[in-house]
Structure formats: C-alpha cells, structure tokens
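Residue-level structure breakdown
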Amino acid sequence: MAAVSEDTRERRNRRLTHQLLGMAVGAFAFGFALIPLYDVLCEVTGVGNPKDLLKASTVTVETPDENRLVTVEFIAELPTVGSWTFKPVVAEMKVHPGRLYEIDYVAHNLTGRDTVAQAVPTVSPGKATAFFRKTECFCFVPQNFARDETRTMPVRFVVDPALPKTLDRITLSYTFYDNSTRVAALN
Amino acid sequence: MANSTTAHAHDDHDHKPHGIKRWLYATNHKDIGTMYLVFACAMFFMGGAMALVIRAELFQPGLQFVDPGFFNSMTTMHALLMIFGAVMPAWTGLANWMVPMQVGAPDMALPRLNNFSFWLLPFAFTLLLLTLFVPGGAPAGGWTLYPPLSLQAGDSFPLTIFAIHLMGISSILGAINVVVTILNMRAPGMGLLNMPLFCWTWLITAYLLIAVMPVLAGAVTMLLTDHFFGTSFFTASGGGDPVMFQHIFWFFGHPEVYILILPAFGVVSEIIPTFARKPLFGYESMVYATASIAFLSFIVWAHHMFTVGMPLAGQLFFMLSTMLIAVPTGVKVFNWCATMWKGSISFETPMLFALAFLFLFTLGGFSGLMLAIVPADFQYHDSYFVVAHFHYVLVPGAVFAIMAGVYYWLPKWSGRMYNEKVGKLHFWLSTIGVNVLFFPQHFLGLAGMPRRIPDYSTQFADWNMVSSIGAFIFGFSQLLFVYVVWNAVRSGEKAPARPWEGAHGLEWELPTPAPYHSWDTPPPRNVITQGAMH
C-alpha cells in the first residue's frame, strides 16, 4: 500500500464499507430470489415446475397407444393422524398412454368443524412428471368440507404417449392438508 | 527493533478507560479481540457441557438421564453454540488481535463498528439460551432448522430465529471490518502478496461471510413468515416446497463450513514454518488454493441432500465438484509437508497442535470424499459416519487450530510464556481424547447407527461406550487449557519479543507484550520485507 493521508484513508474506508454493506444486502435479496430462480432452473432443465401439478393440462386428443400398458399407483398421505380419513378407491390401475381415465379419492372430515382442505400432488419418478397430465383434479381448488362430511372427489388424467419407454410404473401421490389460512394465501 | 520499542514506550500511559467502561465502550482491537476469545471460550464450555449430556445419555443403550425431546434440544443447541458461539467468534477474536499487527496498522479500520459487532453476540446468545426455559423447550429439530419440523417448535421458534439474525449481523459486520482493514490499512510498502497467510485466509473468509450469512438470514426470515404471517415459502399446503429450504440453507451451509476452517489453514501456515525453521513452501499456491476452495464452496451445496432426490445430472455435478475440492486442499497439505521437509523441527505446544491438525483434518477430509460419492452417501447419510466426519474436521481441525494459535501468540499478547509442560499435557490428553471420542463413530455409522437418537440398538453398545469415555477425557482436559492460559497471564515467565526463534511476520517486530495501539507509526520498509519472508 502507498502512504495516504488520514482524510483519504477515512474516505476510502467509508466507501469500501458501503460497498460491502451493499454486497450483504444483495446477498439477502439473492436468498429470496433463489425461490423463483429454482423454478426457472427446473423449467430450463426440463425437470418441470411442481406448481404445474396444481393446474389443469390441456390435452389434445391423441390416439391411445393400445400396445403399451403403464401401471399407475395411487397414494394418499395425511400430514397429521386422526383428523381425516383420505384414500383412493383403487390402489393402482393399468392404463394405455393417450387415453383419458378417471379415478376417485374419498375424504372424510373428522376434525369436528367446517374446514377447508388442499390436496398437494406429487408424481414419482420425477422424470414422469412432465408426462402425467391431469385434466381435472380436486387438487386444483381448495375443498370445502362441512363437519363430518364424506366426499368422493374425482381426478381425470392422461399419460402422454411420449412417456419414455424405460418407464412402466408411475406413482401419483396426494398429501391432504387441512389449512384454511394457507389455502387462502395460495389463491 | 530498538526504534519501535522507544516509539511505543509511552503507550502504557495511553488514555484507556478503566474498569467496566474499558470493555463496554471498547474500540481497541486488542480489547475487543480478548472479549471475542473469552466469549468463545465460555460458549465452548457451554456447548461442550451439552455434548457431554449427549454422550452420557449414549454411554449405554436405553434411556438413562434425559428425555428424548431434551436430548434433541441438546444436539441442536450444541451445534448452534459451537458453530456460531465458539468457533466463529474465536476466529473473529484472533482476526481482531492479529490482523492489525500483521498488516502494520494501528487498529482495525472501523473501531466502533467493531464494538457493535462484538456486543451483539451476548444478546444473541442470551436469546438462544433463553429457549431452554420456554414452554416446549429449546429448538430440537437440528441446527439445520429444516421445515416442517422446525416450524413445529414451541415458543423457542421466534427466539431462535432472532438469535440467528443477531449472530448473522454480528459476523457480517465483523467481516466487513476485516476486509476494510486488510484492503485499506496495510502499511506503506506491504503488497497483498506480502501479507501473512492468516490475513489472506481471513480476507477470503470475510468475503464468504458477507456473501452467505445474509442468505441464511433470508432463509430463517422466510421460516418466520411461514410460521407467523401465513406465507408459504416452504409450506406444501400453500404451494411451497420444504426441499427448497434445504437448497437455500446449504447454499449458506457449505460456504459456512469453509468459514470455520479457512482461518485454520492460515494459522497452521504461520506455525509450521516457525517450528520447522523454514519459509512456507509454495506461498502463492497457498493463496490461490484458498481462493479456489472458496469458489468451489458455492457450487457443491446439494451434496448435503443427495437423498432428497435430484436428477442424475445433478447428482453427478455435485459429486464431481465436491471431489474437485480435494485438489486445492491436497495442494495445501502437500505444501505443509514440504515446508517441514528437511526442516529442523521442534515440538512446542503450538506445533504439536498444528501437526495434529494436519493429520486429523486430512483424515476428516478423506471421510468427506467418501461421503461425496453418491451411491455410498445413500448408505452413510444421517448416520454416525457423518457425525464422525464433520467432528474430525471441526474439532481436531478448526478447534485445534484455534488452540494452536492461542498458544503461539499468547506470549505476544500477554508478554508472558505459558507453562510448556502443562501445555503438552493438554495437547496429549486432547489428541488421545478426541480420537477415542470420534474414531469409533466411523464404525458406528458404517454399521448403521443413525445420528440424533437418544437410544440405540444393543449391537452399537461397545463403541458408544468407548466414544463416551473419549468424550469425557476430551471435555475435562479442556479445563487444563483454561488453567494454562490463566496461569500464563497471571504468573507466567516474562516472554521475549520473539519467543519463537523461527517466527517471522510483523507481529513479532512489536515489543512484548504488544502495545495498546499496534503500529502508530507504520513499520519501515526493511522490517516489512524481513517480516514478509514467509
């Protein structure tokens, strides 16, 4: 370092301090920016956006692939035990890619009050997510339940014929959350 | 030398406030450095006591002493205290003491900010420790605070989050101070590549801190709003993703582990040349290796979360980039060995700790490489093997380097020598204790024992007992460390200005004990070039 006067040094110190503080503020903002950035990254790399699972897919009518059978398994999860029953009417079915199918899930509100529930889907393996199209699903909107109400809720889906040949089994899983405040925030 | 002694002769009459005001209003880098070190030591013992609760419970299978919820609080609080309360403040304390002395500056660049960054810490840790007494108990979901579990904590939740905010602000401000001091306050004639490696590693650490501590602050703020204000950053029922938290957390978390270890590289790079009586081998490659490690630390985070699932390409990327870190680290280990090659080595306590660091940190690095291998990691993940790995790099890694640094510089700080015999006893008990404590945990992990459990299956009983015995040896031998330091400061023999004949660097050109203000007049150029013989 070259010798500098006290004034210059103080000015330099102040400038560098402000730059570094700016860097810290930028890093704080970056932490929040990571959330949309991940969605972008998933979109770009073809992993698919998990939020798309909550939206209806538009399906162009395709000829079903009658020569191919894919097994679709249905799973129901509850984050807390005891306040609901929630299950699919069938555990699995064999489907032809390209054909529209419908199955039902049944939920029974045991919370002892009127409430709102939201089902959150996931599809496994991750590679299959982009090829599993739901045209109608009880997960697209929050479901209002009266106290002790039991309801059958349909989901309609098509497996895209472009599904990679290596996949012959897809699992559709729903987690059923009872959460009135968050459901409101989502919409 | 004689010149600088007279130049500083009047310093004892310096206007320093006495009593409690000296510490409350402290702006002197040495006073603040001392407070950081004492604070870190207190947290080290508190976190250590929690570790002993853990090891006492795990001494035998079954539930003996504490209930499982409290056990989980102990693992969580132990980690938070040791990382944010002991190791990080200890490094900031060493930086406060040494950086101005090593770059030829009178003090830190921003003395009042320095005071503020220290005094945030007692408040932060008061908040954190208060959680032990609130309904629901202290946080028990692990220091990683993964949702949804961390959101289910009781009243401890907001206290923990605000404590982390305060710690974060403290370390960011401390880091800014170090950067400004190093970049703007170096003595005329001291180029960046004349600086001792401790300053270099701290400069890089400080940039890491400024880049990632705010990301942690952001992540915990999102947890806070998810919990209290109905946002859904990580709440699946509202469209959020709990795995997202893990990505953000480890984007902070991996650079964080280098924040804990890079200054250790600096300290060891000072001590090994001193006691090998040879200049450091490959000074510039050390600087570039440190910078490479810092850069790589930003692109490896997902190796902490292989088991949550990610595309094959992602697994490959994070596996290979993680393994790449072994290259610059290998350069450093090679350089330290080459420094000792054909040196005339003597084994005083600082050197012993530095050598143990070299062996045991490398061992911890190797188990890290094993964990980087994706298919193997599926087996090791969340097992005691991971516990063994990160304790090897943090205890005989970071903590040993801190102790080496304290032994090395204590004569300069206090003007008195520590008792070499007790120092060596402390070293041997610590080194034997730490290996008895952590080495069996490798076996436990490979045999399948999960981490963070208060009880275990009986086939793990033997090694757990050995590990707990090691823990008590290691834990109680740290009391010797306090004794050695206390004894040296109170009644040690007077130390010469250069107590280690092989020591180079500007700090040794100052009289002993180091004057209240370090370099009121910048050191002359010939002293700088002499001191810069790395």
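Description of the structure in this document.

What counts, and where the lines are drawn
- Residues numbered from 1 in each chain as written.
- Chains lettered and ligands numbered in written order.
- Predicted model: local features only at pLDDT ≥ 70, side-chain atom pairs only at ≥ 80, totals over all residues.
- Heavy atoms only, no water.
- Helix = DSSP H or I, 4+ residues; strand = E, 2+ residues; numbered from the N terminus.
- Buried < 20%, exposed > 50% of the residue type's maximum accessible area, 1.4 Å probe, protein only.
- Contact = heavy atoms within 4.5 Å.
- Areas by Shrake-Rupley, 256 points an atom, 1.4 Å probe, with all protein chains shown as cover.
- Disulfide = S-S within 2.5 Å.
- Core = buried A, V, L, I, M, F, W, Y, C linked by side-chain atoms within 4.5 Å.
- Salt bridge = Lys/Arg side-chain N within 4 Å of Asp/Glu carboxyl O.

1. Side note on the overall build of chain A
Helices and strands together make up the secondary structure of chain A, namely 2 helices and 9 strands. Element order for chain A, N to C, with α for helix and β for strand: α-β-β-β-β-β-β-β-β-β-α. Taking all 187 residues of chain A together, the buried fraction comes to 38%. Considering only intrachain contacts with a sequence separation of at least 6, the fraction spanning at least 24 residues in chain A is 74%. Of the roughly 10,200 Å² of accessible surface on chain A, a fraction of 57% belongs to carbon and sulfur atoms.

2. Some details on the state of the cysteines
Residues and elements named next belong to chain A. Overall, the coordinates contain 1 disulfide over all chains when judged by the stated rule. Here Cys137 engages in a disulfide with Cys139; their sulfurs sit 2.4 Å apart. Here the S-S torsion is close to 130°, and the disulfide linking Cys137 with Cys139 is therefore right-handed. The exposure class of Cys137 is buried, given its relative accessible area of 6%.

3. As for the nonpolar core
Within the largest apolar cluster, 187 residues are counted, with the highest numbers of intra-cluster contacts made by B:Phe84, B:Trp91, B:Phe125 and B:Trp336. Residues contacting B:Phe125, with those up to four places away along its chain left out, are B:Phe39, B:Met43, B:Leu80, B:Leu81, B:Phe84, B:Gly85 and B:Met167. Ranked by size, the runner-up nonpolar core spans 32 residues in total, among them A:Leu53, A:Phe86, A:Tyr101 and A:Val123.

4. Notes on the pattern of salt bridges
All names here are of chain A. Enumeration over the complete set of coordinates arrives at 12 salt bridges over all chains. Residue Glu66 pairs with Arg99 through a salt bridge whose shortest N-O separation is 2.3 Å. Within this pair, whereas Glu66 is found in the loop between helix H1 (6-45) and strand E1 (70-77), its partner Arg99 is found in the loop between strand E3 (92-95) and strand E4 (100-109), the two being separated by 33 residues in sequence. Judged by its relative accessible area of 43%, Glu66 is partly exposed. Accessibility expressed as a relative area gives 33% for Arg99, which makes it partly exposed.

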